[in-house]
Each structure stands twice: as C-alpha cells, then as structure tokens.
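Tertiary structure, described
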Amino acid sequence: MLEVKNVSLGYGNHIVVQNVSMRLDQGEIGCLLGPSGCGKTTLLRAIAGFEPVRAGQIDLQGKTVASLAQHVPPQARDIGMVFQDHALFPHLSVGDNIGFGLHRMAKPLRAARVQEMLELVGLEGMGQRWPHELSGGQQQRVALARALAPRPSLLLMDEPFSSLDTSMRESIAREVRAILKQAKATALMVTHDQNEAFAMADNVGVMARGQLMQWGNAVQVYCAPATQDVAQFVGDGALVPAQATAGGQWQTALGLLPAGHPHYQTAQGVQVLLRPEHVAVVEKGVRAQVRERTFRGSHFVFELELPDGQAVMAKVSLNALYGACESVQIALSPEL
Ligand SMILES: Nc1ncnc2c1ncn2[C@@H]1O[C@H](COP(=O)(O)OP(=O)(O)OP(=O)(O)O)[C@@H](O)[C@H]1O
C-alpha cells in the first residue's frame with residue numbers, strides 16, 4: 001500500500017531524514033514517534049508530496065509517486081490529511097466541511113456520504129452546526145470525517161490530538177483507531193506522545209536524528225528496543241553498566257540478567273536497560289537512596305541513586321511509605 005524505500009530528505013544543504021525504509025499494508029495504522037526535530041513531519045510531508053526526496057523512492061498502491069526522476073503532486077496522490085489544528089472552515093457548517101472534498105459527486109450522493117460520515121464519527125444530527133459550536137474532540141472527529149469522506153487510499157495525520165487536553169488524548173486516539181478500523185482506512189500518524197501512539201497504532205516507527213530506529217508493534221518497541229535511542233525515548237527506565245559473564249549473562253550492580261535482556265554498546269561500554277518493573281524494593285539487597293517518588297495511579301515509580309551515583313527506577317506498590325532522601329534496599333525483580 002505505502003512503501004518508503006531508502007528515502008533521504010532535507011532543506012538546503014541540511015539532510016534531516018536519512019535512508020528511511022518502511023511499509024504500511026492495506027488497512028494498517030502506523031505511527032511515527034520521536035522527539036522534536038527528529039524528522040517525523042518532514043517524512044510525512046514527503047509522503048503527502050509537499051517535499052521532494054533527495055534519495056530513494058515512495059510507492060503508493062504499487063505506483064512510484066516520488067523519486068529523483070518523478071514527483072507526483074499532492075493533489076494527484078489520493079491522500080487525505082488531518083492537521084494539528086483541525087483546520088476546519090469556520091464559515092461552513094459541519095456537514096459542508098465534511099462534504100468539501102466531494103464537489104465532483106452528484107448532490108444526493110454527496111448528502112448521503114456526509115450522513116454516512118457523520119454516523120461513522122458519532123456526530124449524527126450535528127451536520128447543521130458550526131465548527132465553533134463543537135468541543136475540541138468533536139472538531140477533530142469532523143476533520144477526520146472530512147479527510148475520510150473522499151475515500152483516500154492513505155490518510156496522513158500530523159499530531160492530530162496535540163491541541164486537545166492531555167487527559168483526553170489517549171481516549172480520543174482509541175476512538176479514532178476504532179473509526180479508522182471501521183472505515184478500513186490505511187493511516188500514518190505523527191506524534192511525540194507514546195501513549196497516543198500505543199493507543200492508536202498497529203505498528204510504531206521510532207525516529208531519532210533523522211533515522212528510523214525501529215518499526216514494530218508496541219510490545220516489541222517497549223520490551224525489546226532496537227537501539228539505545230529507542231530504549232531512552234520509549235517508556236521509563238535507566239541504562240546501567242554491565243559486564244558479560246563467561247556464561248553469556250550480564251553482570252550489573254543489582255545482579256545477573258539473562259543474555260537476551262536488552263543491551264547496547266555505548267561509548268561507556270555495554271549498558272543494559274532496566275525498566276521500573278525490572279527493579280524491586282526488597283528487605284535485603286543493594287542500598288539506594290530515593291531521589292523522587294511519582295504517583296502513577298496503581299503504583300509509585302521511584303527514582304533511586306545507587307552508592308556509586310548510578311540512577312535507576314523501580315516500580316513500587318502504593319503501601320510502600322518511603323519518601324525522598326530515604327534509604328531503601330533494592331534488587332532485580334524476581335520475574336526477570
Ligand atoms: N522549512 C524548513 N526549513 C529548514 N529546516 C527545516 C524546515 N522544517 C523543518 N526543518 C528542520 O528539519 C528537522 C526536522 O524537522 P521536522 O519538523 O520534520 O521534525 P519533527 O520530528 O516533526 O519535530 P516536531 O515534533 O517538533 O514537529 C529539524 O531540525 C527542523 O529544524
């Protein structure tokens with residue numbers, strides 16, 4: 001459906017996306033996730049046709065739409081777009097916003113399609129309203145309906161929930177996922193919010209410094225980060241020094257980890273990833289000082305410091321009443 005092959009992109013003399021390859025199958029939802037400035041939006045814009053490629057090629061439905069030799073303009077790519085700020089037309093009703101891209105359709109067919117889209121996004125009976133009469137989440141659903149109405153072969157979404165309240169984003173992302181699945185749409189979203197990406201995507205692409213570091217489902221990306229950048233960007237945790245044992249395991253300050261535990265060759269030697277759930281507060285273990293305690297609803301996450309200054313994090317039950325600066329004993333979780 002969408003295939004990006006060894007694509008590099010840039011502005012002036014500056015290359016900002018390097019040798020990225022990825023594919024989305026029909027009906028699949030992908031998310032590009034990464035820190036600010038890593039090149040996510042530039043890649044999305046190139047897929048839409050707003051940026052030329054510097055190397056590589058982009059295929060849509062088996063046809064090359066971008067390469068050094070070819071550039072199909074955005075309007076000829078059969079792509080729908082949803083932007084950060086919804087970009088609804090304030091002087092058009094909700095129904096006319098949704099029908100905007102359907103001008104070539106006969107009027108009755110167009111009205112029927114608008115009705116169908118209103119139902120799809122759960123806004124039946126709101127076609128006559130003005131955009132300003134809707135909540136932020138409802139406006140976002142109108143933007144989605146407008147983008148999906150012409151049945152584009154690919155939907156691109158650039159930070160579509162960033163103007164919404166943080167507490168709403170994850171639930172809206174889940175809602176939008178259900179709508180996209182019902183419409184059997186193929187979609188690619190850009191976000192820097194991992195909860196949003198995990199709630200929305202079949203596969204997540206993690207970018208750092210212009211490169212796609214990993215493309216996989218949420219569990220793969222969280223449990224087996226392909227690179228140090230992915231380990232640090234996705235989820236909580238700390239990278240701690242480790243030495244290989246004769247048996248192929250990893251020796252750390254907290255004990256032995258299995259050979260397959262996520263580990264990375266860094267400038268400081270091999271480091272292993274310790275997620276908060278990998279570390280437990282115990283009665284007898286290694287002494288550590290609590291630096292900070294964050295409430296996470298079902299548990300606390302403690303930020304701890306070992307005697308050598310190494311930082312680690314631990315997932316701790318709510319009945320643990322330790323506070324900042326207190327000393328605790330920690331060990332690797334028995335589940336490891
Ligand atoms: N029009 C432009 N001209 C020159 N440089 C640009 C332009 N747009 C983006 N850049 C640069 O390209 C790099 C990638 O930007 P891009 O917007 O793709 O990142 P991003 O990952 O989407 O970031 P954010 O999450 O902050 O939107 C950045 O270093 C940025 O400064």
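Cut-offs and rules
- Residues numbered from 1 in each chain as written.
- Predicted model: local features only at pLDDT ≥ 70, side-chain atom pairs only at ≥ 80, totals over all residues.
- Helix = DSSP H or I, 4+ residues; strand = E, 2+ residues; numbered from the N terminus.
- Core = buried A, V, L, I, M, F, W, Y, C linked by C-beta atoms within 7 Å.
- Buried ≥ 20, exposed ≤ 12 C-beta atoms within 10 Å, placed from the backbone.
- Domains from an automatic or database assignment.
- Contact = placed C-beta atoms within 7 Å.
- Near = placed C-beta within 6 Å.
- Nonpolar A, V, L, I, M, F, W, Y, C, P; charged D, E, K, R; others polar.
- Expected span 1.5 Å × (residues − 1).
- Pairing = 2+ DSSP bridges.
- Axes fitted to C-alpha atoms, helices over the stretch in contact; angles between N-to-C directions.

**Examining the overall build of the protein chain**
Scanning the protein chain for helices and strands turns up 8 helices and 21 strands. Along the three orthogonal principal directions, the C-alpha set of the protein chain runs to about 75 × 50 × 30 Å.

**Overview of the nonpolar core**
Residues Ile 47, Ala 145, Leu 156, Leu 188, Val 206 and Ala 314 are the most contacted members of the largest nonpolar core, which totals 94 residues. Take this core: its biggest share by element is 6 residues, from helix 4 (residues 136-148). Two domains each provide a minimum of three residues to this core, namely domain 1 (2-223) and domain 2 (236-332). The residues touching Leu 156, leaving out its near neighbours within four places in the chain, are Leu 44, Ile 47, Ala 48, Ile 79, Met 81 and Leu 188.

**Regarding the site of the ligand**
All residues adjacent to the ligand are Tyr 11, Val 16, Gly 34, Ser 36, Gly 37, Cys 38, Gly 39, Lys 40, Thr 41, Thr 42 and His 192. A total of 3 residues in the shell around the ligand trace back to one element, the largest contributor, which is helix 1 (residues 40-48). Across the shell around the ligand, the residue classes break down as 3 nonpolar, 7 polar and 1 charged.

**Description of helix 5 (residues 166-182)**
Helix length check: helix 5, at 17 residues, gives a terminal C-alpha distance of 25 Å against a target of 24 Å (1.5 Å per residue), a fit within 8%. Those residues of helix 5 that fall on the buried side of the exposure criterion are Arg 169, Ile 172, Ala 173, Val 176 and Leu 180. On its buried face, helix 5 sits against strand 3 (29-33), helix 4, strand 8 (187-191) and helix 6 (194-200). At the C-terminal side of helix 5, Lys 184 shows a positive phi close to 55 degrees.

**Let's talk about the sheet that holds strand 6 (residues 79-82)**
Here 6 strands make up an open sheet; going across it, the order is 6-7-8-3-9-10 and the pairing mixed. In this open sheet, the two edge strands, each paired with only one partner strand, are strand 6 and strand 10 (211-216). For this sheet, the mean inter-axis angle between neighbouring strands, taken without regard to orientation, is 20 degrees. Note that strand 7 (residues 154-158) and strand 8 share 4 bridges and pair parallel. Residue pairing across strands places Leu 156 opposite Leu 188, the latter belonging to strand 8.

**A look at helix 1**
What helix 1 keeps buried is the set Lys 40, Leu 43, Leu 44, Ala 46, Ile 47 and Ala 48. Phi turns positive, to about 105 degrees, at Gly 49, one or two residues after helix 1.

**Structural notes on the sheet that holds strand 19 (residues 300-305)**
With antiparallel pairing, the 5 strands of this open sheet are ordered in space as 17-21-18-19-20. On the outer flanks of this sheet lie strand 17 (279-282) and strand 20 (311-316), each paired with one strand and no other. In this sheet, neighbouring strand axes are inclined to one another by 50 degrees on average, regardless of whether the strands run parallel or antiparallel. For strand 17 and strand 21 (residues 327-332), the ladder comprises 4 bridges, and the chain directions are antiparallel. If you follow Val 279 over to strand 21, its bridge partner there is Leu 332.

**Let's talk about unusual backbone geometry**
Backbone geometry at Glu 159 places phi at a positive 45 degrees, although glycine is not the residue there. Among the structural elements, Glu 159 can be located in the loop between strand 7 and helix 5. The phi angle at Lys 184 is positive, at roughly 55 degrees, despite the residue not being glycine. Tracing the chain through its elements places Lys 184 in the loop between helix 5 and strand 8.

**Overview of the domain arrangement of the protein chain**
Under the domain assignment used here, the protein chain contains domain 1 (2-223) and domain 2 (236-332). On a C-alpha basis, the centres of domain 1 and domain 2 stand 38 Å from each other.

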